[in-house]
Amino acid sequence: MGNYTKQIIADYCVLDTETTGLSAYYDEIIEIGILRVRDNAIVDQYSQLIRPKYEIDAFITELTGITNEMVAGMPYIMEVKDAVLSFIGSDIIVGHNTSFDMRFLNAGFHQKLSNQYMDTMQFARKLYPELKHHRLSDMTEYLGLSNNAHRSIADCISTKELYDAQKALMAEKGLKIEDLWAHGSGHGIDISSIVPATEASKDGFFYDKHVVFTGKLEKMIRKDAMQLVVNLGGVLDNTVTKKTNCLILGNNDYNAILHGEKSSKHKKGKW
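Every value quoted in this text rests on a predicted model; they were computed, and no experiment measured them.

Trainee: Can you walk me through the packing of helix H5 (residues 120-127) against helix H7 (residues 152-173) in this structure?
Mentor: Packed helix pairs are characterised by how far apart their axes lie and by the angle those axes make with each other. As a packed pair, H5 and H7 sit with axes 10 Å apart at the nearest point and diverge in direction by 40°. Between H5 and H7, the interaxial angle falls into the category oblique. Where H5 crosses over H7, the handedness of that crossing is left-handed. Taken together, the residues of H7 that come into contact with H5 (itself represented by Thr-120, Phe-123, Ala-124 and Leu-127) are Thr-159, Leu-162, Tyr-163, Gln-166, Leu-169 and Met-170. For the contact of H5 with H7, the per-class residue count stands at seven nonpolar, three polar and no charged.

Trainee: What's the story with the packing of helix H6 (residues 136-143) against H7 in this structure? I'm lost.
Mentor: One way to put it is that H6 packs onto H7 with a least axis distance of 10 Å and a crossing angle of 60°. In this view, H6 runs oblique relative to H7, as classed from their interaxial angle. Crossing of H6 over H7 shows left-handed handedness. Where H6 approaches H7, its residues Leu-136, Met-139, Thr-140 and Leu-143 are matched on the opposing element by Asp-155, Ser-158, Thr-159, Leu-162 and Ala-165. A per-class count over the contact of H6 with H7 returns five nonpolar, three polar and one charged.

Trainee: Please clarify how the packing of aromatic side chains should be interpreted in this entry.
Mentor: Each aromatic ring pair is described using two quantities: the centre-to-centre distance and the angle formed by the ring planes. Applying the stated criterion to the full structure yields nine aromatic pairs. Residues Phe-123 and Trp-181 carry aromatic rings whose centres are separated by 5.2 Å and whose planes lie at 80° to one another, so their mutual orientation is edge-to-face. A residue pair is termed long-range when its members are at least 10 positions apart, and Phe-123 in helix H5 and Trp-181 in the loop between helix H8 (177-180) and strand E6 (210-214) qualify at 58 residues. Of the two residues, Phe-123 and Trp-181, both sit in the buried class. Seen from their ring centres, Phe-205 and Phe-206 are 5.1 Å apart, and the 85° between their planes marks the pair as edge-to-face. Positioned over the ring face of Trp-181 is Lys-6, at 5.0 Å from the centre of the ring. Over the ring of Phe-205 we find Lys-209; its NZ or CZ atom is 4.8 Å from the centre of that ring.

Trainee: Sorry if this is basic, but what is going on with the sheet that holds strand E8 (residues 244-249) here?
Mentor: Pairing between the strands of a sheet is mediated by backbone hydrogen bonds and can be parallel or antiparallel. Read across the open sheet, the three strands follow the order E7-E6-E8; overall the sheet is parallel. Looking along the sheet, the strands with just one partner apiece sit at the ends: strand E7 (235-236) and E8. Where E6 lies against E8, five bridges are found, and the strand directions are parallel. Note on E8: the bridge partner recorded for His-210 is Thr-244. In this fold helix H9 (residues 222-231) packs onto E6, E7 and E8, with an angle of close to 170° to the strand it touches most, E6.

What counts as what
Residues numbered from 1 in each chain as written. Predicted model: local features only at pLDDT ≥ 70, side-chain atom pairs only at ≥ 80, totals over all residues. Heavy atoms only, no water. Axes fitted to C-alpha atoms, helices over the stretch in contact; angles between N-to-C directions. Helix = DSSP H or I, 4+ residues; strand = E, 2+ residues; numbered from the N terminus. Parallel < 35°, antiparallel > 145°, perpendicular 65-115°, else oblique. Left-handed = near helix turned anticlockwise from the far one by under 90°. Contact = heavy atoms within 4.5 Å. Nonpolar A, V, L, I, M, F, W, Y, C, P; charged D, E, K, R; others polar. Phe/Tyr/Trp six-rings, centres within 6.5 Å; stacked < 30°, edge-to-face > 60°. Buried < 20%, exposed > 50% of the residue type's maximum accessible area, 1.4 Å probe, protein only. Lys NZ or Arg CZ within 6 Å of the ring centre and 35° of its normal. Pairing = 2+ DSSP bridges.

This is the structure we're talking about:
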């Protein structure tokens, strides 16, 4: 899509669409919902049923509650183009699996939206790795948010609440965007800023050991894991040296080992 971004913002538009299927080429939008958010509060909304060229099948009606009778007198997608684009303006668009909605709007409007957009699903995968799935329904149930009902405005409200919850969790943990999407040896994480929260026992495994992280951790955010090591008396390093005592392998490096390969840090490690 080209305009994907990751930011912590207070002013934006939340977007959700309901469609007749999963293909932006073959299927059509049947509802658009948008919330305008300013200073983290909903200040306006746009909601419109859309008349498709072809009939809505029974499965979609059961899923969304939108019937052919409901859309019979509604405008076609091109007839709402100006209103939708005017409502969104130049705002960053926030959604859950946002690229799906953007593809359908681009196809329906016969033009590519120039707005930057964010995806709360991508944040959810980073912040809640303990969950197997990160669909909007999974997140609303897990966090006790407003129930989404496969209707556009309801899903927009759930998405807005989810983004609020994600920002609150990041603030609570002292996380920044670069912490969630850190790569390699912890690029984006200032290891010197991670200090012990408790006095470590000298009998602990990590006490006075030099520790290096590599690869993506499956069950924890790397910064949280680093904090645990420091609390236990460990010393964090960015790269493997002769002083390194422990190399903690993330999922990517472990998978490589299973195929007989080693990461650059693994090759440098002294065992």
